[in-house]
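Here is how the chains run, residue by residue.
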Amino acid sequence: MSIKKKTLIIVCTCLVLLALNAAFIALLSMPTIRIKGEKTITINLNSEYKDAGYKAEYLGQNISKDVKVEGNVDTSKAGTYTITYTINKGLVDTKVTRTIVVKDLEPPLIELKGATEKYLCPGTKYQEEGYTASDNLDGDITTDVQIDNQTDQIVYTVFDKEKNKATAMRKLYYEDQEKPTITLTDGEMIQITKNQEYVDPGYNATDNCDGSIKASVKVGGMVDTSTLGTYKITYEVSDKAQNKTMVTRTVQVIEPVNGVVYLTFDDGPGQYTQRILDTLAKYNVKATFFVTNQFSKYQNMIAQEAEQGHTVAIHTLTHSWNIYNSVDSYLNDFNQMQEIVKNQTGSYTKYFRFPGGSSNTVSKKHATGIMTTLAQVMTEKGYIYYDWNVDSGDTHKNNTVSYIISNIKKYVKGDGSYIILMHDIKKNTMEALPSVISYLKGRGYTFKAIDDNTPIKHFKIAN
Ligand SMILES: [Zn+2]
């Protein structure tokens, strides 16, 4: 080989090595982008997308700030989104991508109506109490719920359109866990007067599984009505599952009082008047009805009130405060009611009660001094008006049955005569009445309807 040729080979080899070296350096000096977090991310619809970040380096230097980020994620729309991270340095662009899948990840919700732990009577089947299923996207999907009826549980399953699953469970136990119920007619507290015969007012016992178990009730205790004092009567019953209930009635034997009670009912007749009449008949009690024509379809009950020995008296035809505009307007209203009473009972009545009572001050807004004048005018005409000395509270805001009963217990005590204000258009009055009567009877009170011997109770006129 000639020197010339050798030199050429060496030169060529050097050139190739140089070229390779340059390529190697170029290759080494390509920038790098590393994205933090997963390359593919699935996120919930409507959630917030936050890029986990990235780091770019070139020749050992952080050049993250030079990265161009492209693409955007609309989390309000399901779909696949791509974010591209590009850096332009060196020979070619360096590019990295991240895929973001936006989809509904939220499972639906099943809500069970009724208890999720259900105790059933042995031998019975569970009656579905209902359920609802809803999904953030699909809305109400109750009809898609699949029910798996197993012996000891019910499994409810539902999927939304994205196949997100929800389940709910209702556990079933076949055992009677509920105690029977004993109810005492006339309540847990009875007062009777000395030497009056004690007759149990009655009771009832029912069980959620066994139905009526009144026959199994064991009654214990006794009442010596010849001796004043407090006696306990016990009522005990067990259901088939041996759940036991015991209630006690307290019977108080007391000295009789020497009082008279006038039950008076205003504002009717109305829808509860019939039941009130039935109660009065059951206890053989006479009362007084201050009638109106506010509910004219019950007008014929005025005849019944009279027939059954109650006193029918006038309250007002309309129960409008405008009757207090003048003597004429009052009499106009009053006389029309008087004609209805005559029609129903065959005679006029001389007893009446002013709407709002004689001491009302609402009438002041209609005519000054009208109550004073009316009291005189009506008295001159031979009418007798009655206010009251016990308010049952049945028109008060909180006019519950127990409130009415407790008012009467509070205000009717001792000897004397009591005119009790009640309203036969109040449901709670109707419901309180049996207890009111048996309480007062037990105390020894006599019931009377208003007549000419009734002590007159008048408020002080305030207009
Ligand atoms: Zn009234």
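Above this text is the structure in question.
Residues numbered from 1 in each chain as written. Predicted model: local features only at pLDDT ≥ 70, side-chain atom pairs only at ≥ 80, totals over all residues.

Let us now look at helix α6 (residues 401-411). Buried within α6 are the following residues: Ile-404, Ile-405, Asn-407 and Ile-408. The buried residues of α6 occupy an angular sector of 155° when the element is viewed end-on, so they sit on one face. Exposed and oriented more than 90 degrees from the buried face of α6 are Ser-402 and Lys-410. Close packing links the buried residues of α6 with β27 (390-391), β28 (416-423) and α7 (427-443). (Buried ≥ 20, exposed ≤ 12 C-beta atoms within 10 Å, placed from the backbone. Helix = DSSP H or I, 4+ residues; strand = E, 2+ residues; numbered from the N terminus. Arc of directions from axis to C-beta. Contact = placed C-beta atoms within 7 Å.)

The next thing to look at is the nonpolar core. Val-261, Leu-263, Ala-313, Ile-314, Ile-420 and Val-436 are the most contacted members of the largest nonpolar core, which has 57 residues in total. Looking at which element gives the most residues to this core, the answer is α7, with seven residues. Counting six residues, the second-largest nonpolar core is a separate cluster that includes Ile-192, Val-223, Val-251 and Val-253. (Core = buried A, V, L, I, M, F, W, Y, C linked by C-beta atoms within 7 Å.)

A pair of packed helices can be characterised by two numbers: the angle between their axes and the separation between those axes. Viewed as axis vectors pointing N to C, α6 and α7 meet at an angle of 35°, and their least axial separation amounts to 8 Å. Relative to α7, α6 is oriented so that their crossing is right-handed. Facing Val-401, Ile-404, Ile-405, Ile-408 and Lys-409 of α6, the residues of α7 in contact are Asn-428, Thr-429, Glu-431, Ala-432, Ser-435, Val-436 and Tyr-439. (Axes fitted to C-alpha atoms, helices over the stretch in contact; angles between N-to-C directions. Left-handed = near helix turned anticlockwise from the far one by under 90°.)

Time to look at the sheet that holds strand β3 (residues 54-58). Taken in spatial order, the three strands make up an open sheet running β1-β3-β4, and their pairing is antiparallel. Either end of the sheet is taken by a strand with one partner, and the two such strands are β1 (32-35) and β4 (61-62). Looking at chain direction, β3 and β4 are connected through two bridges and run antiparallel. Residue pairing in the sheet places Tyr-58 in a bridge with Gln-61 of β4. (Pairing = 2+ DSSP bridges.)

Turning our eyes to something else, we now look at α7. Taking 1.5 Å per residue, 17 residues should reach 24 Å; α7 reaches 25 Å between its end C-alpha atoms and fits that length. Residue Leu-433 marks the point of greatest curvature in α7, where the axis turns by about 40°; the proline Pro-434 follows within four residues. Looking at α7, one finds that the buried residues are Thr-429, Met-430, Ala-432, Leu-433, Val-436, Ile-437, Tyr-439, Leu-440, Gly-442 and Arg-443. Just downstream of α7, Gly-444 is the residue with a positive phi angle, here 100°. (Expected span 1.5 Å × (residues − 1). Bend = angle between axes of the 7 residues up to and from the residue.)

Here we come to the packing of helix α2 (residues 273-282) against α7. One can describe the packing of α2 onto α7 by two numbers: an axis separation of 9 Å at closest approach and a directional angle of 5°. One finds that α2 runs roughly parallel with respect to α7. Residues Arg-275, Ile-276 and Thr-279 of α2 pack against Met-430, Leu-433 and Pro-434 of α7. Among the residues making up the contact of α2 with α7, the classes are represented as four nonpolar, one polar and one charged. (Parallel < 35°, antiparallel > 145°, perpendicular 65-115°, else oblique. Nonpolar A, V, L, I, M, F, W, Y, C, P; charged D, E, K, R; others polar.)

Taken together, four strands build an open sheet; the order of strands is β9-β14-β13-β12 and the sheet is mixed. Sheet topology places β9 (117-119) and β12 (146-149) at the edges, where each strand pairs with a single neighbour. Between one strand axis and the next, the sheet turns through 20° on average, direction left out of account. Of the strand pairs in this sheet, strand β13 (residues 153-159) and strand β14 (residues 165-173) are connected by seven bridges, and their pairing is antiparallel. Paired with Ile-154 across the bridge in β14 is Arg-170.

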